[in-house]
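One letter stands for each residue in the lines below.
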Amino acid sequence: MQDQLIKSIKFQEAMIGIVGLGYVGLPLMLRFVESGFQVLGFDIDSNKIDQLNCGETYIKHIDPKRIKSAWETGKFEATNDFSYAQKVDVLIICVPTPLGIHNEPDLSFIINTVNALIPYFRPGQIVSLESTTYPGTTDEEVLSRIESRGFTIGKDFFLVYSPEREDPGNYNFNTANTPKIVGGATSSCLEVGLALYNSIVDRVVPVSSTKVAEMSKLLENIYRAVNIGLVNELKMVCDRMDINIWEVIEAAATKPFGFTPFYPGPGLGGHCIPIDPFYLTWKAREYNVDTRFIELAGEINTAMPQWVVDKVTEALNERGKSVKGSRILLLGIAYKKNIDDSRESPAVELMDILQKKGAIISYADPYIPVFPKKRRYDFNLSSVDINAEVLSQIDCIVLATDHDVFDYEMILNKSDLIIDTRGRYRGCFSNVVNA
Ligand SMILES: NC(=O)c1ccc[n+]([C@@H]2O[C@H](COP(=O)([O-])OP(=O)(O)OC[C@H]3O[C@@H](n4cnc5c(N)ncnc54)[C@H](O)[C@@H]3O)[C@@H](O)[C@H]2O)c1
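Now for a description of the structure that goes with this document. The shown structure was predicted, so the numbers you read here are calculated from the model rather than taken from an experiment. (Residues numbered from 1 in each chain as written. Predicted model: local features only at pLDDT ≥ 70, side-chain atom pairs only at ≥ 80, totals over all residues. Heavy atoms only, no water.)

**Let's talk about a nonpolar patch on the surface**
Residues Leu230, Leu234, Val237, Met241, Ile243 and Val248 make up a contiguous nonpolar surface patch of about 500 Å² in total accessible area. In terms of residue count, the dominant contributor to the nonpolar patch is helix α8 (residues 210-241) (four residues). Looking at where valine 248 falls in the secondary structure, it is placed in helix α9 (residues 245-252). (Patch = residues over 30% accessible without salt bridge, like charges linked within 9 Å, V, L, I, M, F, W, Y side chains within 5 Å. Areas by Shrake-Rupley, 256 points an atom, 1.4 Å probe, with all protein chains shown as cover. Salt bridge = Lys/Arg side-chain N within 4 Å of Asp/Glu carboxyl O. Helix = DSSP H or I, 4+ residues; strand = E, 2+ residues; numbered from the N terminus.)

So, in structure tokens, the structure goes:
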């Protein structure tokens, strides 16, 4: 069964099922289609399915032409009917892994997905979990459920964990040229997993278990969270000492070894860096281990929006104004530049704090035309077009996300006050405050 599955993958005869067609699943689906595979996409969001089945995209940084040409090959279809899972040879799970209200892992999407697929599993399939999660999830939550169907893992059914390294908006690295880590539940699972990913990426990195693969993904994201926490702390120290943190980083980054630059900002955002480290914190408690670095970095990073608000308050005060009643415009609300994802964005937290203090809030983000309702926040707002007239009515701009499309020179020339959280304005300007 193993040889047959590997052979069908090698000759692109295997049919691929991608479950969860979001920021991770959609580019993966495109890569499989572009590599010659027949792909069936599964999602519970019928709007996404309808759009994909018309050859349209719902993720701005993914070129609509790619979706259209994938669709035109006739090798791709999307559905919310999970019974089609029995048709595919490969099932790759890319569903969300958020945190619950007490910062505990919320595995309900993974569990619901596996439960929905279970009746349709058949011998000779491989399941690959790609959602980011704590070490042990594949064994504890997925393997046991597959075994409950009576399959023997590694003989008539195969299971791997392969973390996703998608970096939305990064035009240098894509699915094909980003090395992919794979860990198998057994050695034969690993062999099938290697065949699968070798067919779409340039370099596959095998590891000895699913747990190692799960932990490696957390290490990558914890490394970022901790280093961003460090540089945010240094930003606050530099601010007190009247030293420009951006100049400091630029200088330090000239060291050709032993230093990787990280950049400060208004806090952490996105579906990964603010969330994933706490998956490990939660799991480590089961082993009586405290994850002090993770929690300290979390503390510093989550305090950043308030620090920025203090800067706004101070700067308005110097101009004889208060936050209450001031018209404050957030420039960019995506969690990072040039993408349309505002999940966990610190800009949204800034909007919330400032509005609660009585500011009249607006935002400009061409990537997010209408504010998307969130679990904790809902602003009945649409993005405004930035021009001299609009800027003349604004008391303070908070530059939260430095999308390249903004006309920074015009904004600089036409604004009374800019709180720059991204170091976009490096010179000395009377209307710019670094925060
Ligand atoms: N976004 C990133 O840059 C990124 C990078 C690396 C890893 N990850 C990880 O990948 C996973 C997915 O993240 P994402 O950003 O693609 O999320 P997303 O919210 O963009 O996409 C998830 C998709 O899954 C669908 N879905 C939810 N429940 C489902 C179910 N039961 N069955 C089928 N589909 C279902 C949703 O409708 C959505 O379309 C997460 O674990 C995340 O941590 C994300």
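Once the structure has been displayed, the description carries forward.
**Remarks on the environment of glutamate 104**
Mapped onto the fold, glutamate 104 is located in the loop between β4 (90-93) and α5 (108-117). Distance from glutamate 104 to lysine 283, taken between C-alpha atoms, is 9.2 Å for residues 179 residues apart in sequence. Not counting chain neighbours up to four residues away, the residues in contact with glutamate 104 comprise Pro98, Leu99 and Trp282. Separated by 2.8 Å, the side chain of glutamate 104 and the backbone nitrogen of histidine 102 make a polar contact. (Contact = heavy atoms within 4.5 Å. Polar contact = N/O pair within 3.5 Å; in protein donor to acceptor, adjacent residues only side chain to side chain.)

**Section: the site of the ligand**
Not every one of the 26 residues close to the ligand is listed here, only the nearest: Val24, Asp43, Lys48, Thr97 and Arg343. One of the backbone N or O atoms of valine 95 is found 3.5 Å from an oxygen atom in the ligand. Between a nitrogen atom of the ligand and a side-chain N or O atom of threonine 113, the distance comes to 3.0 Å. Look at the ligand: alone it shows 820 Å² of surface, and the protein chains cover 93% of it. Residue classes in the shell around the ligand are distributed as twelve nonpolar, seven polar and seven charged. Two domains each provide a minimum of three residues to the shell around the ligand, namely domain 1 (2-208) and domain 2 (232-434). (Near = heavy atom within 4 Å. Nonpolar A, V, L, I, M, F, W, Y, C, P; charged D, E, K, R; others polar. Domains from an automatic or database assignment.)

**A closer look at the packing of α5 against helix α6 (residues 137-147)**
Packed helices, taken two at a time, are described by the angle between their axes plus the distance between the axes. For the pair α5 and α6, interaxial distance at closest approach is 10 Å and the crossing angle is 20°. In terms of axis orientation, α5 runs roughly parallel to α6. Note on packing geometry: the crossing formed by α5 with α6 is right-handed. Two secondary-structure elements touch here, α5 through Ile110, Ile111, Val114 and Asn115 and α6 through Thr137, Glu141, Val142 and Arg145. (Axes fitted to C-alpha atoms, helices over the stretch in contact; angles between N-to-C directions. Parallel < 35°, antiparallel > 145°, perpendicular 65-115°, else oblique. Left-handed = near helix turned anticlockwise from the far one by under 90°.)

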